[in-house]
Structure formats: C-alpha cells, structure tokens
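An overview of the molecular structure
As a plain string of letters, each chain reads:
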Amino acid sequence: QALCDVKLEPDKTLVAETTRHWNEIALANPSSDIQFDRSQQEVDALLTLTLQDVMDFWKDSLYASGKKRMLITQVVPQTEKTRPSKKEGKDDDDVLVIGTKDISKFRQQRMNNN
C-alpha cells in the first residue's frame with residue numbers, strides 16, 4: 001500500500017510534473033501510445049499482485065536456470081601505504097583520488113604493499 005501511496009502522490013512542483021511528462025514522451029515506445037496516467041496504471045497493476053505472484057516470479061524467473069549471481073565486496077582499511085594518492089593540482093589535503101584506471105597495476109601495488 002505504501003508504494004501505491006507514493007506513486008499516487010501528486011507532483012509537488014510544476015518542474016516535477018513537466019519532467020514526468022517529458023520523460024513519458026521521450027521514453028515512450030514508438031509502437032505504443034503515450035500514457036500520462038502511467039502512475040495510476042502501475043498502481044492498478046500493483047493492487048492485483050499477491051504474495052504468491054511475487055514468490056512465483058522469484059522462483060520461476062530468477063532461480064529457474066540454477067545459476068545464482070553473487071556480488072562480493074572487500075573492505076580494505078587504509079594505511080599510509082594503501083591510501084589513494086591526492087589529486088594533482090589540488091591544495092586541499094582532504095581531496096583523495098578513489099579508483100584506478102589500470103586494475104592490473106593496482107593489484108600489483110596492493111600485493112607489494114602487503
């Protein structure tokens with residue numbers, strides 16, 4: 001019900017309403033009509049869903065192939081050796097570069113620092 005309430009909440013500003021309408025125009029499928037009442041149609045569809053429908057979707061669509069995807073992340077504490085270098089040309093000591101363009105070089109540096 002909360003999702004339905006959010007979807008049916010009126011636009012708070014004219015800019016929000018205009019953006020919503022232009023998105024509908026820009027993203028509409030050429031073979032279908034533009035639907036400015038899409039929020040109401042989505043709410044109508046949501047109200048017909050049951051918990052069993054959602055469970056069946058997960059079972060049939062996401063687990064049917066037997067393949068499961070997994071995202072693994074690693075949190076590495078920063079030390080003076082592993083802290084990213086500061087951006088060049090910046091005077092602010094708090095500005096750090098996060099990321100790398102050369103992953104192989106980054107991995108090699110990480111192995112050498114440990």
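That block above? That's the structure.
So, on to the overall build of the protein. When you go through the protein residue by residue, the secondary structure sums to five helices and zero strands. The N-to-C order of helical and strand elements in the protein reads α-α-α-α-α. In the protein, of all internal contacts separated by at least 6 residues, the share reaching a separation of at least 24 is 38%. Roughly 10800 Å² of accessible area belongs to the protein as shown, and the carbon and sulfur atoms make up 55% of that amount.

Take the side chain of Glu 24 next. Examined against the element boundaries, Glu 24 turns out to sit in helix 2 (residues 14-27). Residues in contact with Glu 24, not counting those within four places in the same chain, are Ile 34, Gln 35, Phe 36 and Arg 38.

So, on to the pattern of salt bridges. Inspection of the entire model under this criterion finds four salt bridges. When the shortest N-O distance is used, the salt bridge between Lys 7 and Glu 42 registers 2.7 Å. You can see Lys 7 sitting in helix 1 (residues 2-8) and its partner Glu 42 sitting in helix 3 (residues 38-48), a full 35 residues away along the chain. For Glu 9, the salt bridge identified is with Lys 12, shortest N-O distance 2.2 Å. Residue Glu 9 is classed as partly exposed on the basis of its relative accessible area of 42%.

A cluster of nonpolar side chains, Trp 22, Ile 25, Ile 34 and Phe 36, forms an exposed patch at the surface whose accessible area comes to about 410 Å². Relative to the helices and strands, Trp 22 is located in helix 2.

The rules we used
Residues numbered from 1 in each chain as written. Predicted model: local features only at pLDDT ≥ 70, side-chain atom pairs only at ≥ 80, totals over all residues. Heavy atoms only, no water. Helix = DSSP H or I, 4+ residues; strand = E, 2+ residues; numbered from the N terminus. Contact = heavy atoms within 4.5 Å. Areas by Shrake-Rupley, 256 points an atom, 1.4 Å probe, with all protein chains shown as cover. Salt bridge = Lys/Arg side-chain N within 4 Å of Asp/Glu carboxyl O. Buried < 20%, exposed > 50% of the residue type's maximum accessible area, 1.4 Å probe, protein only. Patch = residues over 30% accessible without salt bridge, like charges linked within 9 Å, V, L, I, M, F, W, Y side chains within 5 Å.

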